[in-house]
Amino acid sequence: MVPDVTCTGAIPGPARAAAVPRTWSGVGIALVAVIALLAVLVIAPTVAPAAAGPAAGGVDLEAEAARLADELGAPGVAVAVVDSTGVVGSAHHGVDGDGAPVGERTTFVWGSVSKSFAALVVSVLDESGTLSASDRVASVLPALRGGELDTTGVTIADLVHHVSGLPHQVEITDVWGRTSPASEVVPEIADVAGLGPRGTYRYSSLNYLLLQAVVETVTQRPYGDVLDEVLASTAGVTDVVTDPGRFAEDVPPGHAPYFFGERPVDVGFDSAGLAYGYLSGPTDSLAKYAAWQLGDLRSTSTESVERRDGAVGTGTGGRYGNGLIFEDRSDGDDDEVTVVRHSGAVPGYFTYLALAPERDVGVVLVANSYGELRSGESAGAAGAFADRIMGLPSGAQPDSGLYTGVIVGGIVLVLLLVALLGWVVTGLVRRPSPRRSTRATVTRVLLVSLVGAALLVGGLLGVPAVVGVPLGVASLWAPDAALLVWLTMGLVFLVTAVTVARELAWNHRVSGGVSASPDRPADG
């Protein structure tokens, strides 16, 4: 959930889906270094057409949709521009995962944009007296009583603003096929490791999983039913997918970058994740909701003002409140404009929502492709689109070389290991056996085995620790990078095993009377 981009699960932090900081480049450098060491030890002994859409704010939305599809690497894209009265313009480009043309009724998964829906539900329940945002979470969810979230006094409002201290624990979120409600997942969070201090902003989808559980508990109803009522009564939105049956029927496969192409992703549903990342629906429903949010942000009503209160600093210049990020931007003329935004992602889908209340304009972007290694590029392209619509100077664009660097570097590393394996096998089969004592052979076998084992343990345990997710989860968010890691580990094992076999075979030949190389003295 990566995660803003918030990979709902795998990608932490609103500056990113929800998601997820993933230092893949650092992993690649480390792998190259350790593989080089192994190589020294091994070699040493042997020396669609766009749908028509109107212009909005002087911007051709049809051209924008085509441009975004190219920048995001997405087969299908839909965009909409809104003001506080409704949708001003929209455009669609390309095809969905089933090959059908993208239109206003095409269903997309909204990722962490779902969080603002959950915050709205909580605020409406607070206004009605069904709950109080100042209540301790543990007073509503018995499974948390006596735990750290209880002793630190975490409140419902803390969950909304990501100041509970909860970590970004992706093993608990983004569980495809999970049909149990969020309230049944709460015991898994009660003893979660890595809880930080209360009051400090720390983006985590676990906060919104608990918010969903709170809503289910205080209303004694499914979260989706409560959400449907709230959306109908506030924003007039009546078409949001909240049940697994309709999700399976309506949501086409998404896509993920895969070795500079696209790979289909059959996105799964998580019933406990509706509040943090697994809402979905047609683009016109999201656009209608965005128009209502824009009007609510411009409103001076008591309810609207209270919804905006309490936003907390993110530490990067923004403020997080009500499931949205508030940022003050310069308009280029020494005046400030508040931009309210959030992005979200699940494997295969990317969404971006941005609103400028003072200018009464907002944008919605949905795309059926997302890869964690390209999260910065996705956020940059979406932000630049929003700036063009809002008439703001374009912000700094993130470096687009991460994905290319990691994949090219990984491919080169795998090819080097294949070549190294070929060298070792050739030496075993065709080269004369060097004269070497048994002691020297044992020393070499132990050294190569230790280095190979260290590389395998480092890869299988260290890489997940560095990137923040298990390799199984990483395969959903970055399938090509995860495959390269698995190939690298497999080749490291083969190189190590064949090298050990070679050393033992050479020793057997010499000790068994087979002629050794006449021009090589015996080792140690």
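What you see is a predicted model, and the numbers here were worked out from it, not measured in a lab.

Colleague: Explain the overall build of the protein chain residue by residue, including any values.
Modeller: The helix and strand tally for the protein chain stands at 17 helices and 15 strands. The buried share of the protein chain, taken over its 524 residues, is 56%. For the protein chain, the accessible surface area stands at approximately 20000 Å², while carbon and sulfur atoms represent 58% of it.

Colleague: Just give me the short version of helix 3 (residues 114-128), but keep the residues and values in it.
Modeller: The end-to-end C-alpha distance of helix 3, which contains 15 residues, comes to 22 Å, matching closely the 21 Å that a straight helix rising 1.5 Å per residue would cover. Most of helix 3 sits out of view: 12 of its 15 residues are buried. Of the residues one or two after helix 3, Gly129 is the one with positive phi, at around 85°.

Colleague: Explain the side chain of Asn207 to me, using residue names and the numbers behind them.
Modeller: In this fold, Asn207 is placed in helix 8 (residues 205-219). A relative accessible area of 0% places Asn207 in the buried class. Of note is the side chain of Asn207, whose polar atom sits 3.2 Å from the backbone oxygen of Ser204. What Asn207 contacts, discounting residues up to four positions off in sequence, is Leu159, His162, Ser164, Leu166 and Arg202.

Colleague: Could you give me a rundown of the side chain of Glu64, with the residues and numbers involved?
Modeller: Among the secondary structure elements, Glu64 is positioned in helix 2 (residues 61-72). Judged by relative accessible area, Glu64 falls into the buried class, the value being 7%. Within the local environment of Glu64, its side chain forms a polar contact with the side chain of Arg388, the two groups lying 2.7 Å apart. Excluding residues that lie within four positions of it along the chain, Glu64 makes contacts with Val59, Phe385 and Arg388.

Colleague: Can you lay out the packing of helix 3 against helix 9 (residues 223-234) for me, pointing to particular residues and giving the numbers?
Modeller: It is the contact of helix 3 with helix 9, at a shortest axis distance of 10 Å, that shows an interaxial angle of 80°. It follows that helix 3 is roughly perpendicular to helix 9 by the angle criterion. Across from Phe117, Ala118, Leu120, Val121 and Val124 in helix 3, the residues of helix 9 making contact are Tyr223, Val226, Leu227, Val230, Leu231 and Thr234. Of the residues assigned to the contact of helix 3 with helix 9, the class counts are 10 nonpolar, one polar and no charged.

Colleague: Mind laying out the pattern of salt bridges, listing which residues take part and the relevant values?
Modeller: For the structure shown, the criterion picks out 19 salt bridges. Arg359 is paired through a salt bridge with Asp331; the nearest N and O atoms lie 3.6 Å apart. Placement of Arg359 in the loop between strand 14 (349-356) and strand 15 (361-367) and of Asp331 in the loop between strand 12 (324-330) and strand 13 (336-346) is noted, with a sequence separation of 28 residues between them. On the basis of relative accessibility, which here comes to 34%, the residue Arg359 falls in the partly exposed class.

Colleague: Residue-level account of the environment of Pro357, with values.
Modeller: Tracing the chain through its elements places Pro357 in the loop between strand 14 and strand 15. Given a relative accessible area of 11%, Pro357 falls into the buried group. Spatially, the C-alpha atom of Pro357 lies 5.6 Å from that of Arg298, the residues being 59 residues apart in sequence. Beyond its immediate chain neighbours, meaning those up to four positions away, Pro357 contacts Leu294, Leu297, Arg298, Thr338 and Val340.

Colleague: Give me a negative patch on the surface: which residues, what numbers.
Modeller: A grouping of Asp126, Glu303, Glu306 and Asp309 is seen on the molecular surface, where their side chains present a negatively charged patch. Summarising the element assignment, Glu306 is placed in helix 12 (residues 302-308).

Colleague: Describe the environment of Gly472, naming the residues involved and giving the relevant values.
Modeller: On the secondary structure map, Gly472 appears in helix 16 (residues 471-477). Residues Gly472 and Ala482, spaced 10 residues apart in sequence, show a C-alpha to C-alpha distance of 8.1 Å.

Colleague: Describe the environment of Arg298, listing the residues and the values that go with them.
Modeller: Along the polypeptide, Arg298 turns up in helix 11 (residues 283-298). Once residues within four sequence positions are removed from consideration, Arg298 is found in contact with Ser84, Arg308, Pro357, Glu358 and Asp360.

Colleague: Describe helix 9, and please don't skip the residues or the numbers.
Modeller: With 12 residues, helix 9 should reach 16 Å at 1.5 Å per residue; the first-to-last C-alpha distance of 16 Å fits that figure. Listed in full, the buried residues belonging to helix 9 are Tyr223, Gly224, Val226, Leu227, Val230 and Leu231. Buried positions in helix 9, seen along its axis, are confined to an arc of 160° and lie on one side of it. As for helix 9, its buried residues are in contact with helix 3, helix 8 and helix 11.

Colleague: Go over the pairing of strand 15, please, and point to the residues and values.
Modeller: Across the seven residues of strand 15, seven count as buried, placing the element largely inside the fold. Of the pairings in the sheet, the one linking strand 4 (residues 76-83) to strand 15 comprises six bridges and is antiparallel in character. Bridge assignment links Ala80 to a residue of strand 15, and that residue is Val364. Pairing geometry for strand 14 and strand 15, over seven bridges, is antiparallel. Within strand 15, the position partnered with Leu355 by the bridge is Gly362. Taking the residues that link successive antiparallel strands as the turn, the strand 14-strand 15 hairpin has four residues, and the phi of Asp360 there is positive, at about 55°.

What counts as what
- Each residue is numbered by its place in its chain's sequence as written, counting from 1.
- Where local features are concerned, this predicted model is filtered to residues with pLDDT of at least 70; where side-chain atom pairs are given and counted, the filter is 80 or more; whole-chain, interface and lining totals use all residues.
- In computing side-chain properties, one takes all heavy atoms of the structure into account and sets aside hydrogens as well as water.
- Secondary structure elements are defined from DSSP: runs of H or I of at least 4 residues count as helices, runs of E of at least 2 residues count as strands, and each element is numbered from the N terminus.
- Each residue is assigned to one of three classes by its accessible area relative to the maximum for its type, calculated with a 1.4 Å probe on protein chains only: buried under 20%, partly exposed between the two thresholds, exposed over 50%.
- To be clear on the numbers: accessible area is Shrake-Rupley with a 1.4 Å probe, and residue cover counts the displayed protein chains and nothing else.
- Each residue after the first adds 1.5 Å to the expected span of a helix.
- Between N or O atoms, a polar contact is any pair within 3.5 Å; within protein, one atom must be a potential hydrogen donor and the other a potential acceptor, and residues adjacent in sequence are included only when both atoms are from side chains.
- The criterion used for residue contact is that any of the two residues' heavy atoms lie within 4.5 Å.
- In this analysis, axes come from line fits to C-alpha atoms, helices being fitted only over the stretch in contact, and the angle between any two N-to-C directions falls in the range 0 to 180 degrees.
- To sort the angles, those under 35 degrees are grouped as roughly parallel, those over 145 as roughly antiparallel, those from 65 to 115 as roughly perpendicular, and the leftovers as oblique.
- Ten residue types, Ala, Val, Leu, Ile, Met, Phe, Trp, Tyr, Cys and Pro, are classed as nonpolar, four, Asp, Glu, Lys and Arg, as charged, and the remainder, Gly among them, as polar.
- Any Lys or Arg side-chain nitrogen located within 4 Å of an Asp or Glu carboxyl oxygen qualifies as a salt bridge.
- Excluding any residue in a salt bridge, patches collect residues exceeding 30% relative accessible area, merging like charges within 9 Å and nonpolar Val, Leu, Ile, Met, Phe, Trp and Tyr side chains within 5 Å.
- When charges are tallied, Lys and Arg are placed among the positive residues and Asp and Glu among the negative ones, while His and the ends of the chain are skipped.
- Here the site of a charge means atom NZ of a Lys, CZ of an Arg, CG of an Asp or CD of a Glu.
- The directions from the helix axis to the C-beta atoms are what the arc is built from.
- Strands are labelled as partners when DSSP assigns at least two bridges between them.

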